[in-house]
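Coordinate analysis (summary)
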Amino acid sequence: LPAASPLGMPACTQLRGEPLRNVAPLYSTARMSSSYPHEENRGAAIARDGVLNLSYFHTQCDGAAQWWRLDFTEPVGLWQIALHNRPDHRYRLVGATITAWPVGGKGAPLANATVATSRAAYVWTLSPPLARVGSLEVRLPEKPAGEGCLHFLELEAFGAPQQQIDDGET
């Protein structure tokens, strides 16, 4: 960072460049492993719509491994991922893994991280940034029945379409 305050945060006047866009609502579709049959579940797409409110998706709570997946409609480059947890029952996200997969989803993951604490939000800055990402997946391992529910408010993926990066537009 070009300048920092005594607390380690950059001075706003020193920040340069265009802010990264959340590519999730622009270049992706979402799906999930199962669907909780009650009104709390607003469907898989609610967690990628770019609106941070109290609407969330919700999988079943049968204890089986649950997942939510963001499939990009074209390859993207990513610099940062933000996962916004539900305000109550935050502990249910502990143990979930966030995985970035290459285009086609075959081969080794590009990167992954495990949610280790119960927080309102998690921000994952990718260093170096990831190239040619095809999908992001949040997966919760098997848990006892009644505890294995996957739900969160929003997943934001900050970056740009890979073609724009390759053409030097970003």
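Please refer to the structure placed before this passage.
Positions within a chain are numbered from 1, following the residues in the order the chain's sequence is written. Confidence filtering applies because this is a predicted model: local features only for residues at pLDDT of at least 70, side-chain atom pairs given and counted only at 80 or more, and all residues used for totals across whole chains, interfaces and linings. Where side-chain values are given, they derive from all heavy atoms of the structure, hydrogens and water being excluded.

The next point concerns the side chain of His 84. Secondary structure follows DSSP: runs of H or I at least 4 residues long count as helices, runs of E at least 2 residues long count as strands, and numbering of each begins at the N terminus. Residue placement: His 84 occurs in strand β3 (residues 66–84). Looking at His 84, the relative accessible area reads 14%, which means it is buried. One polar contact links His 84 to Glu 156, side chain to side chain, over a distance of 2.7 Å. Only protein chains enter the accessibility calculation, which uses a 1.4 Å probe; a residue whose area is less than 20% of its type maximum is buried, one above 50% is exposed, and one in between is partly exposed. Side-chain atoms alone can form a polar contact between residues adjacent in sequence; in general such a contact is a pair of N or O atoms within 3.5 Å, and within protein one must be able to donate a hydrogen while the other accepts it.

Moving on, we get to the nonpolar core. We call a set of buried Ala, Val, Leu, Ile, Met, Phe, Trp, Tyr and Cys residues a nonpolar core when their side-chain atoms join them within 4.5 Å. With 33 residues, the main nonpolar core has Trp 68, Leu 78, Leu 136, Phe 152 and Leu 155 as its most contacted residues. Every element with two or more residues in this core is listed here: β3, β4 (97–102), β6 (121–140) and β7 (154–161). Considering every element that reaches this core, the biggest residue donor is β6, with eight residues. Dropping the residues within four chain positions of it, Phe 152 is found in contact with Ala 47, Tyr 56, Phe 57, Trp 68, Leu 83, His 84, Asn 85, Arg 86, Leu 93 and Val 138. Residues are treated as being in contact if the distance between any of their heavy atoms lies within 4.5 Å.

Salt bridges are identified by distance alone: a Lys or Arg side-chain nitrogen within 4 Å of an Asp or Glu carboxyl oxygen. Scanning the model with the defined rule gives six salt bridges in all. Put simply, Arg 69 and Glu 137 hold a salt bridge, and the shortest N to O gap is 3.3 Å. On the criterion of sequence distance, the pair formed by Arg 69 in strand β3 and Glu 137 in strand β6 is long-range, its members being 68 residues apart. Judged by relative accessible area, Arg 69 falls into the buried class, the value being 14%. Here Arg 86 ties to Asp 88 by a salt bridge, and the two come within 2.6 Å at their closest N and O atoms. Among the charged side chains, a network of salt bridges with common partners joins Arg 31, Arg 69, Asp 71, Glu 137 and Arg 139.

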